Amino acid sequence: MKKQYKLGVIGCGGVTETILKAVVLSDFIREKKIIVSDIDEEKLDKVDYLGVRTTTDNKYAAQNSDYLIIAVAAADFSAVAKSLKGYIPEKVISVIPEMKKSAVKNALGVGMIKVARCMLNMPSAIGSGAVGIDMTDFNKDTDDTDFISNVFNRLGTVVSLDESKLDAVAGVALNGAAQTFMFIDSLIDAGVKQGLPKSEAKILAVQTVLGSAELVSREEQPLEGLLMTACNNNAAALETVKVLQDGGFNKLVGEAVEAGIKKFKEQSAK
C-alpha cells in the first residue's frame with residue numbers, strides 16, 4: 001500500500017534539521033512528503049519554516065513513511081523502540097553513529113527490516129560534509145540505495161562502505177573535523193605571534209586549508225607529489241615540514257585517530 005510520506009524522521013535535533021534543510025531546499029523531496037516526529041513540540045516548532053509535517057506520535061510517522069530516519073541520542077533509542085509499540089518499519093536509516101545495525105534491528109524486532117547506518121560529520125551542516133554509509137541491507141534494490149545516497153549527497157560527499165569500516169570513518173571524518181579545527185586554530189595563533197592581526201590571520205589560515213584541500217581533491221598526483229611541489233625551490237616551506245616531521249606530526253595524528261576510534265568503540269559497545 002502506498003504510504004502518505006516518502007520520508008519520516010524520528011527525533012528533531014540539530015542533525016534532523018540539517019538533513020531536512022538539505023532535502024527540502026534542494027527540492028529533492030517536497031516538504032509535504034516528509035513527516036517529523038518528536039515528543040518535544042518546541043523542537044518541532046523549530047522546523048516549521050521548512051513546511052514539513054510534524055507529529056508527536058512516533059508510531060504514526062513510522063507507519064506512514066516509505067523510509068524512516070531515526071535521529072536520536074543512543075540513550076533515547078530504547079524509548080523510541082518502545083513508542084513504536086510492536087510496529088516494525090521496513091526501511092530504516094539510522095544516524096546514531098555509535099549504534100550498530102544489529103542493535104537497531106534487535107530493538108525494533110525481527111522480520112523484513114532493513115537498516116542503513118549513516119555517519120555524518122559537522123561540516124554536513126553547510127553541505128560540505130564527509131558522510132559514511134553502510135547500505136548493504138539494500139544492495140538488491142537500486143531504487144533504495146539511490147534514494148538513500150541522494151538524501152545524504154545533499155549534505156556532502158558520500159562514501160558507501162561495509163559496516164566493519166565505519167569505526168574508521170568515525171576516526172577520520174567525525175573526529176577529524178575537530179582535529180582540523182585545532183590545526184587551523186594553531187595556524188591562526190602562529191600568525192598572530194608573528195605580528196598579523198587575528199582577523200587577517202584567520203582569513204589566511206582558513207583559505208590556505210580550503211585551497212589545499214581543493215587541490216588535493218582535484219589533482220591526480222598523490223599527496224606526496226603535492227608536498228614535494230610545495231617544497232621545491234622553497235627552503236622555508238621545506239623547513240616547516242622538517243619541523244613537523246621531527247616533532248612526530250604524522251605519528252601524533254595517527255595516535256589521535258586511534259584514540260578516537262578506541263573511545264568510539266567503547267561507546268558502541270554500551
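The rules behind each value
The residue numbers shown here count from 1 along each chain, following its written sequence. The model is predicted, so local features are restricted to residues of pLDDT at least 70 and side-chain atom pairs to those at 80 or more, both for listing and for counting; the totals for chains, interfaces and linings are taken over all residues. Think of the side-chain values as coming from all heavy atoms in the structure, minus any hydrogens and water. Axis geometry follows a simple rule: fit a line to the C-alpha atoms, using only the stretch in contact for helices, then measure angles between N-to-C directions, giving values from 0 to 180 degrees. Helix and strand definitions follow DSSP, with helices as H or I runs of at least four residues and strands as E runs of at least two, each counted in order from the N terminus. Orientation categories follow fixed angle ranges, with anything under 35 degrees roughly parallel, anything over 145 roughly antiparallel, 65 to 115 roughly perpendicular, and all other angles oblique. Crossing handedness follows the turn of the near helix against the far one: under a right angle anticlockwise gives a left-handed crossing, and clockwise gives a right-handed one. Two residues form a contact once any of their heavy atoms are found within 4.5 Å. Here the term charged refers only to Asp, Glu, Lys and Arg, the term nonpolar to Ala, Val, Leu, Ile, Met, Phe, Trp, Tyr, Cys and Pro, and the term polar to all other amino acids, Gly among them. Candidates for patches are residues over 30% relative accessible area with no salt bridge; among them, like charges are joined within 9 Å and nonpolar side chains (Val, Leu, Ile, Met, Phe, Trp, Tyr) within 5 Å. Each accessible area is a Shrake-Rupley result for a 1.4 Å probe, and residues are judged covered by the shown protein chains and nothing else. Salt-bridge detection follows one rule: a side-chain nitrogen of Lys or Arg within 4 Å of a carboxyl oxygen of Asp or Glu. The convention is simple: Lys and Arg are positive, Asp and Glu are negative, and His and the chain ends are not counted. Charge positions are represented by NZ for Lys, CZ for Arg, CG for Asp and CD for Glu. Accessible area is worked out with a 1.4 Å probe on protein chains only. A residue is then buried under 20% of its type maximum, exposed over 50%, and partly exposed in between. For the purposes of these results, a polar contact is taken to be a pair of N or O atoms within 3.5 Å, where, inside protein, one atom must be able to donate a hydrogen and its partner to accept one; residues adjacent in sequence count only when each atom of the pair is a side-chain atom. At least two DSSP bridges between two strands are required for those strands to pair. Cysteine sulfur atoms that pair up within 2.5 Å are treated as a disulfide. With its strands directed away from the observer, a crossover is right-handed exactly when the path from the first strand over the helix to the second travels clockwise.

**Student:** I would appreciate a short explanation of the packing of helix H8 (residues 176-193) against helix H9 (residues 198-218) in the present structure.
**Tutor:** When two helices pack together, their arrangement is given by the angle between their axes and by how far apart the axes lie. Between H8 and H9, the least distance of the axes is 8 Å, while the angle of their chain directions is 135°. Judged by the inter-axis angle, H8 sits oblique to H9. Judged by the twist between their axes, the crossing of H8 over H9 is right-handed. For the pair H8 and H9, contact is made by Thr180, Phe183, Ile184, Leu187, Ile188, Gly191 and Val192 and by Lys198, Ala201, Lys202, Ala205, Val206 and Val209, respectively. Its residues placed into classes, the contact of H8 with H9 shows nine nonpolar, two polar and two charged.

**Student:** Would you take a moment to explain a nonpolar patch on the surface for this structure?
**Tutor:** A surface patch of nonpolar side chains, about 380 Å² in accessible area, is lined by Phe183, Leu187, Leu244, Phe249 and Val253. When residues of the nonpolar patch are traced back to their parent elements, those giving at least two are H8 and helix H12 (249-269).

**Student:** I keep staring at the environment of Val257 and nothing clicks. Help me out?
**Tutor:** Structurally, Val257 is set in helix H12. Put simply, Val257 and Val192 are 65 residues apart on the chain and 28 Å apart in space, counted from C-alpha to C-alpha. When residues no more than four places from it in sequence are discounted, the contact partners of Val257 are Gly171 and Gln179.

**Student:** Quick question: what am I supposed to make of a positive patch on the surface here?
**Tutor:** Where like charges cluster on the molecular surface, the positive patch consists of Lys2, Lys6, Arg30, Lys32 and Arg53. For Arg30, a relative accessible area of 52% puts it in the exposed group.

**Student:** How should the side chain of Lys3 be read in this particular structure?
**Tutor:** Mapped onto the elements, Lys3 comes out in the segment before strand E1 (5-10). One buried charged residue, Lys3, remains without a salt bridge, the closest side chain of opposite sign being Glu90 at 5.3 Å. A polar atom in the side chain of Lys3 sits 3.2 Å from the side chain of Tyr87. Apart from residues no more than four positions distant in its own chain, Lys3 is found in contact with Lys33, Ala62, Gln63, Asn64, Ser65, Asp66 and Tyr87.

**Student:** Is there a simple way to think about the pattern of salt bridges in this case?
**Tutor:** Inspection of every chain in the model, using the stated rule, returns nine salt bridges. Where Asp134 meets Lys101, a salt bridge forms, and the shortest distance between an N and an O atom there is 2.6 Å. Residue Asp134 is located in strand E7 (residues 129-134), and its partner Lys101 is located in helix H5 (residues 101-108); the two are separated by 33 residues in the primary sequence. One exposure class covers both Asp134 and Lys101, and it is buried. Close ionic contact of Glu266 with Lys263 constitutes a salt bridge, the shortest N to O distance being 3.4 Å. Pair noted here: Glu266 and Lys263 are both in helix H12, with a separation of three residues, about one helical turn.

**Student:** I keep staring at the sheet that holds strand E2 (residues 34-37) and nothing clicks. Help me out?
**Tutor:** The pairing of strands in a sheet comes from backbone hydrogen bonds and takes either a parallel or an antiparallel form. What the eight strands build is an open sheet, ordered E3-E2-E1-E4-E5-E6-E7-E8; its pairing is mixed. The open sheet has two free edges, formed respectively by strand E3 (53-55) and strand E8 (156-160), since each of these has just one partner strand. Averaged over all adjacent pairs, the angle separating strand axes in this sheet is 25°, with direction ignored. Bridge count for E1 against E2 is four bridges, and the pairing is parallel.

**Student:** Quick question: what am I supposed to make of the state of the cysteines here?
**Tutor:** Covalent bonding between the sulfur atoms of two cysteines defines a disulfide. In total, this model carries zero disulfides according to the counting rule given. Of the cysteine sulfurs around Cys118, a residue in no disulfide, the closest is that of Cys12, at 17 Å.

**Student:** Honestly, the environment of Gly225 in this entry has me stumped. Any pointers?
**Tutor:** Structurally, Gly225 can be placed in helix H10 (residues 223-231). Along the chain, Gly225 and Asn153 lie 72 residues apart, while their C-alpha atoms are 29 Å from each other.

**Student:** Could you clarify how one ought to interpret the pairing of E2 in this entry?
**Tutor:** One face of the sheet, then the other: side chains in a regular strand alternate in exactly this way. Of the two faces of E2, both are covered, the one formed by Ile34 and Val36 as well as the one formed by Ile35 and Ser37. On the question of chirality, the crossover connecting E1 to the parallel E2 by way of helix H1 (residues 14-25) is right-handed. Of the pairings in the sheet, the one linking E2 to E3 comprises three bridges and is parallel in character. Note that in E3 the partner of Ser37 across the bridge is Thr55.

**Student:** Can you walk me through the packing of H10 against helix H11 (residues 235-246) in this structure?
**Tutor:** Closest axis-to-axis distance for the H10/H11 pair is 7 Å, and the angle between their directions is 130°. Considering their axes alone, H10 and H11 lie oblique with respect to each other. Counted together, Leu227, Ala230 and Cys231 of H10 and Ala237, Leu238 and Val241 of H11 form the full contact between these two elements. Along the lines of polarity and charge, the residues of the contact of H10 with H11 split into six nonpolar, no polar and no charged.

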